[in-house]
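Listed below, chain by chain, are the residues.
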Amino acid sequence: MIKSVFQIERAKYAPKMPKALAGSVQVIEGGKTNSVADQEEIKKFFPGTYGMPIITFEEGAVETSYPSLNVGVILSGGQAPGGHNVISGLFDGLKKLNLSNKLFGFLGGPAGLVNHQYLELTSDIIDEYRNTGGFDIIGSGRTKLEETAQFDKGIKICKQLEIKAIVVIGGDDSNTNACVLAEYYLQKNTGIQVIGCPKTIDGDLKNEMIEASFGFDTACKTYSELIGNIMRDANSAKKYWHFIKLMGRSASHIGLECALQSHPNVCLISEEVAEKKQTLEQIVNEITDIVVKRSQNEETFGVALIPEGLIEFIPEIKTLIDELNELLAEGTTSAEKFQSLGSNTEKRDYIIDTLSSQSSKVFASLPNGISRQLTLDRDPHGNVQVSRIETERLLIEMVEKRLAELRRNGLKVKFSAQNHFFGYEGRCAAPSNFDSDYCYSLGFVASLLIANGKTGYLASIRNTIAPASEWIPGGVPITMMMNMERRSGEMKPVIQKALVRLDGAPFTEFAEKREEWAIETSFVYPGPIQYWGPSAVSDATTKTLQLEKVKK
Ligand code: FBP
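Presented here is an overview of the structure given in this document. Only a predicted model underlies this, so the values are computations on that prediction, with no experimental measurement involved. (Residues numbered from 1 in each chain as written. Predicted model: local features only at pLDDT ≥ 70, side-chain atom pairs only at ≥ 80, totals over all residues. Heavy atoms only, no water.)

Section: helix 14 (residues 333-340)
Phase 1 of the analysis: Among all positions in helix 14, only Ser334, Ala335 and Phe338 are buried. Down the axis of helix 14, the sector holding all buried residues measures 100°, keeping them to one side. Of the exposed residues in helix 14, those oriented more than 90 degrees away from the buried face are Thr333 and Ser340.
Phase 2 of the analysis: Here the buried face of helix 14 lies against helix 13 (315-327), helix 15 (344-354) and helix 17 (368-376). (Buried < 20%, exposed > 50% of the residue type's maximum accessible area, 1.4 Å probe, protein only. Helix = DSSP H or I, 4+ residues; strand = E, 2+ residues; numbered from the N terminus. Arc of directions from axis to C-beta. Contact = heavy atoms within 4.5 Å.)

If you want it as structure tokens, here you go:
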């Protein structure tokens, strides 16, 4: 592999670690735990792994020797900066426990466990990937580990490779499934432990015990750099409004963090739209007002941030999507009729005639391109893939339409817009110091949880706004984070997703400032991630983490 000078230098970086992990370690166990909600139901699903104590690792006085063991690791779901450091921390942790320990990587995500595709990760391989972005060391995938047939195939390969524990590096769904797997292996007396690590750029796997999911820090810093560059361009040329959609699935954490870092003129927060039951028209009118006011101040430019999941949170569009999902569900007569129609106009008219009158009005009001997207792109479960809907274009078109009406009434206003979508640009960036350190420690902690016989735990590092030496390493029972939710028509135990809290410090800070940012150009240009240099810059955490943990 040909490496850039940056890669060569960055490979030498030694991640900072909690001092509790530096030498021998003692295990401190807390009291019994409960799930965040629906305790009785969750307990029934997880009789063996429910109620386990929170684990904290502290500096110990006694050197313990551990028997040798083999471990398997899986990268699950979307890429997030730092995954390679979780694996290198896990590898180093295992080797520190016993030099004979082995680490196997399952290839291409959870499917690697089921299909018995693996690679032994040796120090030569690990060294190639230290402090690098991406998941390419073993690849990732979105196969869901849900069925006992898959679990049993996992047992087979674990027995063959003498694997004692599996580490699943994933988001809320993957870790929910990791817990189901842990419980199954426990009930079957297989002796195979399962440990999770909190990953996702979306930032929605967090709670009292898990302060951040890894990758959020680097991804937000990467997007904020790009947003800042666009802002500076906009402020120089003074001719474009830039509408930027940001990844993050349902949650708006990424948009909110980027707004706190860069001070855009508009940043929509899906959770607020849902809470206020805002209509698309209201959202468009609010943006238009800002465009008009800025234009009147000779500021004929601006930046608007739009969370990827927005469209699902606008109540009227959500209802429309639900109706379309039913109408176009595979195998239904309505779907067959729709498919049999020749032209796009016939298809559009059929939908308008068949939907409820409210949804048909909403559908008819959408620009043709967007309404077509709503009827075309469906995932394997038959749902509209909202992330593929170009919400940023939709909003531009609707603002233009609204401005045309205002112009007809004599208003003079300039508006020329560009659209962008930032997602993949940030998911494999070289991990920031925070993500490099945090991930390495998470992996190291996973090795200790395994060595101490734990299963059904998520590796955790707390006190993350303090210097890394003061971080608190440990493990949290996954069942503690669970509640019951309706999934594919059934109530299931799942890790509770953390959406943006409208009473939380990050949103409150944003809400206090946004009116000012809307009208007065207050752009901040965060610049690129710094990997070396003053710690105030290179080790800075996200604003979200600072606000959530400091101003509590
Ligand atoms: P995870 O939840 O698996 O971490 O994935 C996050 C994410 O990056 C979302 O922000 C985005 O909607 C999605 O993945 C895109 O998925 P894909 O990689 O399949 O295009």
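And the narrative resumes.
Concerning the packing of aromatic side chains
Phase 1 of the analysis: Within this structure, the stated rule accounts for 16 aromatic pairs.
Phase 2 of the analysis: Relative to Phe243, the ring of Trp241 lies with its centre 6.2 Å away and its plane at 55°, an arrangement referred to as tilted.
Phase 3 of the analysis: Centre to centre, the rings of Phe434 and Trp471 are 5.8 Å apart; their planes meet at 65°, and the pair counts as edge-to-face. Here Phe434 is found in helix 20 (residues 433-451), whereas its partner Trp471 is found in the loop between strand 12 (457-462) and strand 13 (472-477), with 37 residues between them in sequence. Accessibility assignment for this pair places Phe434 and Trp471 in one class, buried.
Phase 4 of the analysis: Among the aromatic side chains, those forming a connected cluster through ring pairs are Phe6, Tyr531 and Trp532.
Phase 5 of the analysis: The ring of Trp532 has Arg10 sitting right over it, with the charged end atom 6.0 Å from the ring centre.
Phase 6 of the analysis: Against the face of Phe338 rests Lys347, its NZ or CZ located 5.2 Å from the ring centre. (Phe/Tyr/Trp six-rings, centres within 6.5 Å; stacked < 30°, edge-to-face > 60°. Lys NZ or Arg CZ within 6 Å of the ring centre and 35° of its normal.)

Digging into the site of the ligand
Phase 1 of the analysis: As a structural note, the neighbourhood of the ligand is formed by 13 residues, with Gly78, Asp202, Glu308, Tyr424 and Arg427 the closest of them.
Phase 2 of the analysis: In this structure, an oxygen atom belonging to the ligand sits 2.9 Å away from a side-chain N or O atom of Thr200.
Phase 3 of the analysis: In this structure, an oxygen atom belonging to the ligand sits 3.5 Å away from a side-chain N or O atom of Arg249.
Phase 4 of the analysis: Of the residues that constitute the shell around the ligand, the class distribution is three nonpolar, four polar and six charged. (Near = heavy atom within 4 Å. Polar contact = N/O pair within 3.5 Å; in protein donor to acceptor, adjacent residues only side chain to side chain. Nonpolar A, V, L, I, M, F, W, Y, C, P; charged D, E, K, R; others polar.)

Brief notes about the side chain of Lys245
Phase 1 of the analysis: In this fold, Lys245 is placed in strand 8 (residues 241-246).
Phase 2 of the analysis: In contact with Lys245, not counting residues within four places along its chain, are Ile306, Pro307, Glu308, Ser387, Ile389, Glu390, Thr391, Glu392, His420, Phe421 and Phe422.

With respect to the pattern of salt bridges
Phase 1 of the analysis: Counted by the stated rule, this structure contains 23 salt bridges.
Phase 2 of the analysis: The residue Asp539 makes a salt bridge to Lys16 at a minimum N-O spacing of 3.0 Å. Here Asp539, found in the loop between helix 22 (535-538) and helix 23 (543-550), pairs with Lys16, found in the loop between helix 1 (5-10) and strand 1 (25-29); they are 523 residues apart in sequence, far enough to count as distant.
Phase 3 of the analysis: Given the relative accessible area of 24%, Asp539 is considered partly exposed.
Phase 4 of the analysis: With a relative accessible area of 31%, Lys16 lands in the partly exposed category.
Phase 5 of the analysis: When the shortest N-O distance is used, the salt bridge between Glu548 and Lys206 registers 2.9 Å. Residue Glu548 is located in helix 23, and its partner Lys206 is located in the loop between strand 7 (193-198) and helix 8 (216-237); the two are separated by 342 residues in the primary sequence.
Phase 6 of the analysis: Relative accessible area serves as the criterion here: at 22%, Glu548 is assigned to the partly exposed category.
Phase 7 of the analysis: Via salt bridges that share partners, Lys16, Asp437 and Asp539 belong to a single interconnected network. (Salt bridge = Lys/Arg side-chain N within 4 Å of Asp/Glu carboxyl O.)

With respect to the sheet that holds strand 10 (residues 302-307)
Phase 1 of the analysis: Read across the open sheet, the four strands follow the order 9-10-8-11; overall the sheet is parallel. The open sheet has two free edges, formed respectively by strand 9 (266-267) and strand 11 (417-422), since each of these has just one partner strand.
Phase 2 of the analysis: Helix 18 (residues 391-408) rests against strand 8, strand 10 and strand 11 of the sheet, and its axis sits at about 160° to strand 11. (Pairing = 2+ DSSP bridges. Axes fitted to C-alpha atoms, helices over the stretch in contact; angles between N-to-C directions.)

Examining the nonpolar core
Phase 1 of the analysis: Grouped together as the largest cluster of nonpolar side chains are 77 residues, with contacts concentrated most on Ile87, Val167, Tyr223 and Ile227.
Phase 2 of the analysis: A total of 11 residues in this core trace back to one element, the largest contributor, which is helix 20.
Phase 3 of the analysis: Aside from chain neighbours lying at most four places away, what touches Tyr223 is Ile201, Leu246, Met247, Ile254, Cys258, Phe422, Gly423, Glu425, Gly426 and Arg427.
Phase 4 of the analysis: If you look at the next biggest cluster of nonpolar residues, it comprises 46 residues, including Leu310, Leu327, Val362 and Met398. (Core = buried A, V, L, I, M, F, W, Y, C linked by side-chain atoms within 4.5 Å.)

What about the state of the cysteines?
By definition, a disulfide links the sulfur atoms of two cysteine residues through a covalent bond.
Phase 1 of the analysis: For the structure shown, the criterion picks out zero disulfides.
Phase 2 of the analysis: The thiol sulfur of Cys158 is not disulfide-bonded, and the nearest other cysteine sulfur, from Cys197, lies at 16 Å.
Phase 3 of the analysis: Assessed through its relative accessible area of 1%, Cys158 is described here as buried.
Phase 4 of the analysis: In this structure Cys220 is not part of a disulfide, and its nearest cysteine sulfur, from Cys258, lies 4.7 Å away.
Phase 5 of the analysis: Residue classification places Cys220 among the buried residues on the basis of a relative accessible area of 0%. (Disulfide = S-S within 2.5 Å.)

Shape descriptors only; they carry no functional weight alone.
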